[in-house]
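Understanding the architecture of this molecule
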Amino acid sequence: MSAIRGARERARTEITAAIKDEARAQLAAEGAAKLSLRAVARELGMVSSALYRYFPSRDDLLTALIIDAYDAVGEAAEKAGRDATAAPDGSPATAWTAVAFAVREWALAHPHEYALIHGSPVPGYVAPQDTVGPASRVGMVLVGLIREAHRGEGVTAPPLSAALRPEAARMAAELAPDLPPANVAALVIAWAQLFGLVSFELFGQFTGVVEDREALFRQAADGLARSVGLTLPGAPPEG
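Each value, and the rule that gives it
- Residues numbered from 1 in each chain as written.
- Predicted model: local features only at pLDDT ≥ 70, side-chain atom pairs only at ≥ 80, totals over all residues.
- Heavy atoms only, no water.
- 1 Å grid on protein atoms, 1.4 Å probe; cavity = no way out; pocket = protein on both sides within 12 Å on 5 of 7 lines; lining within 4 Å.
- Points joined across faces, edges and corners; volume = space filled by probe spheres on them.
- Helix = DSSP H or I, 4+ residues; strand = E, 2+ residues; numbered from the N terminus.
- Axes fitted to C-alpha atoms, helices over the stretch in contact; angles between N-to-C directions.
- Parallel < 35°, antiparallel > 145°, perpendicular 65-115°, else oblique.
- Left-handed = near helix turned anticlockwise from the far one by under 90°.
- Contact = heavy atoms within 4.5 Å.
- Nonpolar A, V, L, I, M, F, W, Y, C, P; charged D, E, K, R; others polar.
- Phe/Tyr/Trp six-rings, centres within 6.5 Å; stacked < 30°, edge-to-face > 60°.
- Buried < 20%, exposed > 50% of the residue type's maximum accessible area, 1.4 Å probe, protein only.
- Polar contact = N/O pair within 3.5 Å; in protein donor to acceptor, adjacent residues only side chain to side chain.
- Core = buried A, V, L, I, M, F, W, Y, C linked by side-chain atoms within 4.5 Å.
- Salt bridge = Lys/Arg side-chain N within 4 Å of Asp/Glu carboxyl O.

1. What to know about empty space enclosed by the protein
Within this structure, the stated rule accounts for one cavity of 30 Å³ or more. Roughly 30 Å³ of internal volume is contained in the largest cavity. Taken together, Leu197, Glu201, Phe206, Arg213, Leu216 and Phe217 make up the lining of the largest cavity. Of all the elements in the fold, those that place two or more residues in the lining of the largest cavity are helix 10 (181–202) and helix 11 (213–227). Considering each element in turn, the lining of the largest cavity owes the most residues, three residues, to helix 11.

2. Some remarks on the packing of helix 8 (residues 137–151) against helix 10
The packing of two helices is summarised by the inter-axis angle and the distance between the axes. Where helix 8 contacts helix 10, the two axes come as close as 11 Å, and the packing angle between them is 135°. What the angle tells us is that helix 8 and helix 10 run oblique. The way helix 8 lies across helix 10 gives a crossing that is right-handed. Counting all contacts with helix 8, which are made through Val138, Gly139, Leu142, Val143 and Ile146, the residues of helix 10 involved are Asn183, Leu187, Trp191, Leu194 and Phe195. Tallied by class, the residues present in the contact of helix 8 with helix 10 amount to eight nonpolar, two polar and no charged.

3. Remarks on the packing of helix 5 (residues 92–109) against helix 10
Look at helix 5 against helix 10: their axes get within 10 Å of each other, and the N-to-C directions meet at 35°. Helix-helix and strand crossings are classified by hand; for helix 5 and helix 10 the assignment is right-handed. Touching Trp96, Ala100, Val103, Arg104, Ala107 and Leu108 of helix 5 are Leu187, Ala190, Leu194, Phe195, Val198, Glu201 and Leu202, all from helix 10. Residues that form the contact of helix 5 with helix 10 fall into these classes: 11 nonpolar, no polar and two charged.

4. Quick word on the packing of aromatic side chains
By the definition in use, this model includes five aromatic pairs. Here Tyr114 and Phe195 contribute two aromatic rings whose centre-to-centre distance is 6.5 Å and whose plane-to-plane angle is 20°, an arrangement assigned as stacked. Pair noted here: Tyr114 is in helix 6 (residues 111–118) and Phe195 is in helix 10, with a separation of 81 residues, a long-range link. For Tyr114, a relative accessible area of 1% gives the class buried. Between Trp191 and Phe195, the aromatic rings sit 6.4 Å apart at their centres with planes inclined by 75°, giving edge-to-face as the arrangement. Residue Trp191 and its partner Phe195 are located together in helix 10, separated by four residues, close to a single helical turn.

5. Looking at the environment of Thr85
Among the secondary structure elements, Thr85 is positioned in helix 4 (residues 58–86). Using a relative accessible area of 29% as the deciding quantity, one classes Thr85 as partly exposed. Placed 147 residues apart in sequence, Thr85 and Leu232 show a C-alpha to C-alpha distance of 13 Å. Once residues lying within four places of it in the same chain are set aside, the contact partners of Thr85 are Gly90, Ala95, Leu145 and Glu148. Among the polar contacts listed, one links the side chain of Thr85 to the backbone oxygen of Gly81, at a separation of 2.7 Å.

6. Looking at the nonpolar core
Counting 67 residues, the largest nonpolar core has Leu61, Trp96, Leu116, Leu194, Phe217 and Val228 as the members making the most contacts within it. The element contributing the most residues to this core is helix 4, with 11 residues. Residues contacting Leu116, with those up to four places away along its chain left out, are Leu27, Ala32, Leu62, Leu65, Ile66 and Val122.

7. As for the pattern of salt bridges
Scanning all chains against the criterion turns up 13 salt bridges. Between Arg24 and Asp21 there is a salt bridge, and its shortest N-O distance comes to 3.2 Å. Here Arg24 pairs with Asp21, and both are found in helix 1 (residues 2–30), just three residues apart, close to one helical turn. Overall, Arg24 belongs to the partly exposed group, its relative accessible area being 22%. Through salt bridges with shared partners, one network takes in Lys20, Asp21, Arg24, Asp68 and Glu113.

Read these as spatial facts, not as claims about activity.
Spelled out as structure tokens, the structure:
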């Protein structure tokens, strides 16, 4: 009985993977807004009613693809952070830049999946709570690097306007109560700028403007590290 159950589970896993692969192919060809369960079923030689047993609706399939994409870029960021921190010359600042490049490299290698999670919203689709945890993985890696520096070598205090102080305190209480609100506010800004840089490159806004995009990105990533209070190797601490 357990052997039969195991075979069924393996078959379900394989079919689920095939459905997702075909859906990703449709994302590349048509975009997320035109994703169709019927078209996926047709390409796989399945009847629609059979596919619905795996994904009851288009939104369920979209959610699965979104979670997979967030998890994939999150895993890339986490690995880059671990590897950079473990290196002999590792520091939170060098790990920050490594994480930024891991996000960029994943996006360039998976442009349609990146567009699914950081491009235009899909009309009629509302992301469920299930996507929140995966979506936070990159951000939590960056929080962890600031936390590591704060507990060790220390972090500098970024500028914080009086107008932003209440919101910075609220964000710190919710996201990282052990970190100074100024650093948390700077982190949220840097997080948005990181993905803005990646999006500009991926979606063509740098075309005709920037040729050496890797050099620009490195300069920007190092600048973002400084902006959140991290000290780059060889640079004297500020403040």
